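Remarks on the overall topology
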Amino acid sequence: MAILLEYALRMGADVRLVQAASIIPPWQDLRWLTQAEIIAWKLDNTHRVYTNLTFHSFGRSGAYVEASSTKGVEVSSLRMFCKSGIKEPLFTFITNHTITKSNSGTGPNSISIAKDRVTDVLSRMNIALAMGPTEWQGRFQIQDIHGVALENDKVRVYVAVRPIGFNRQNADRLTRVALQDNGDLSRADWTFQDFVKFNIKGDRRLISIAMRNCVE
């Protein structure tokens, strides 16, 4: 059982698959998985799975909420928070980027290349914020961007954006946050949109708490 659990984890599957299989006696008929189980247990890599919101304290008195989006081994994250003196909520999009050594070298140079790529792509996008059936679309400003070198020539980029004119009092009503093509995105960068869209699930009261505990 331990070997099977380890194998499922290494393949990126949910261990509930092994648990479900282990309770079926060999003399019973096969137990077919439902479509919902196939997606939830990460066996169907064509669908994105969105996590519920989680709450995190930050600094002396600040806080943020976070959600993640998973598709196979691809994971991106969204953090929502507020900052003193800024009326809009802030959104940090966290994505991983592979930088080939032939183009980047190693170390700080690869981080700089990844940041430049993300900045360039974001310059040709806008932000869409859904609140149930209502959707707000507009421009955004990049507040901050930094990168961290990972293994296997990957760089994790953190970019905080500010939706111009969106009242943070509406943040706890959000059901979807996405960066999307404003009409100028190249075909090569089209798939980036998949990494920066999030369905907001879970207890939205956590957003209200985060919006009352702004980062200094």
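Data block above holds the structure.
Since this is a predicted model, take the numbers as computed values, not measurements.

What counts and what doesn't
Residues numbered from 1 in each chain as written. Predicted model: local features only at pLDDT ≥ 70, side-chain atom pairs only at ≥ 80, totals over all residues. Heavy atoms only, no water. Salt bridge = Lys/Arg side-chain N within 4 Å of Asp/Glu carboxyl O. Helix = DSSP H or I, 4+ residues; strand = E, 2+ residues; numbered from the N terminus. Core = buried A, V, L, I, M, F, W, Y, C linked by side-chain atoms within 4.5 Å. Buried < 20%, exposed > 50% of the residue type's maximum accessible area, 1.4 Å probe, protein only. Contact = heavy atoms within 4.5 Å. Disulfide = S-S within 2.5 Å.

Points about the pattern of salt bridges
When their charged atoms lie close together, side chains carrying opposite charge are able to pair. Taken as a whole, this structure holds 11 salt bridges when the rule is applied. The closest approach of N and O atoms between Lys71 and Asp194, which form a salt bridge, is 3.7 Å. Pair noted here: Lys71 is in strand E3 (residues 62-71) and Asp194 is in the loop between strand E10 (176-181) and strand E11 (197-199), with a separation of 123 residues, a long-range link. Look at the salt bridges and you will find they share partners, linking Arg48, Lys71, Glu74, Asp194 and Lys197 into a network.

Description of the nonpolar core
One finds Met80, Phe91, Phe93 and Leu174 to be the most contacted residues of the largest nonpolar core, which totals 38 residues. No other element matches helix H5 (residues 108-122), which puts 5 residues into this core. Listed in part, the 5 residues of the second largest apolar core include Phe81, Ile86, Leu90 and Val215.

Quick word on the environment of Leu5
Within the secondary structure, Leu5 sits in helix H1 (residues 2-10). For the pair formed by Leu5 and Val161, sequence separation is 156 residues and the distance between their alpha carbons is 39 Å. The contacts of Leu5, once residues within four sequence positions are left out, are Val15 and Val18.

Structural notes on the state of the cysteines
The tally for this structure, following the rule as stated, stands at 1 disulfide. The disulfide that involves Cys82 links it to Cys214, with 2.0 Å between the sulfurs. Residues Cys82 and Cys214 are joined by a disulfide whose S-S torsion is about -100 degrees; by sign, that bridge is left-handed. Here the residue Cys82 occupies a position in the loop between strand E4 (74-81) and strand E5 (90-98), and Cys214 occupies one in the segment after helix H6 (205-212), the gap between them amounting to 132 residues.

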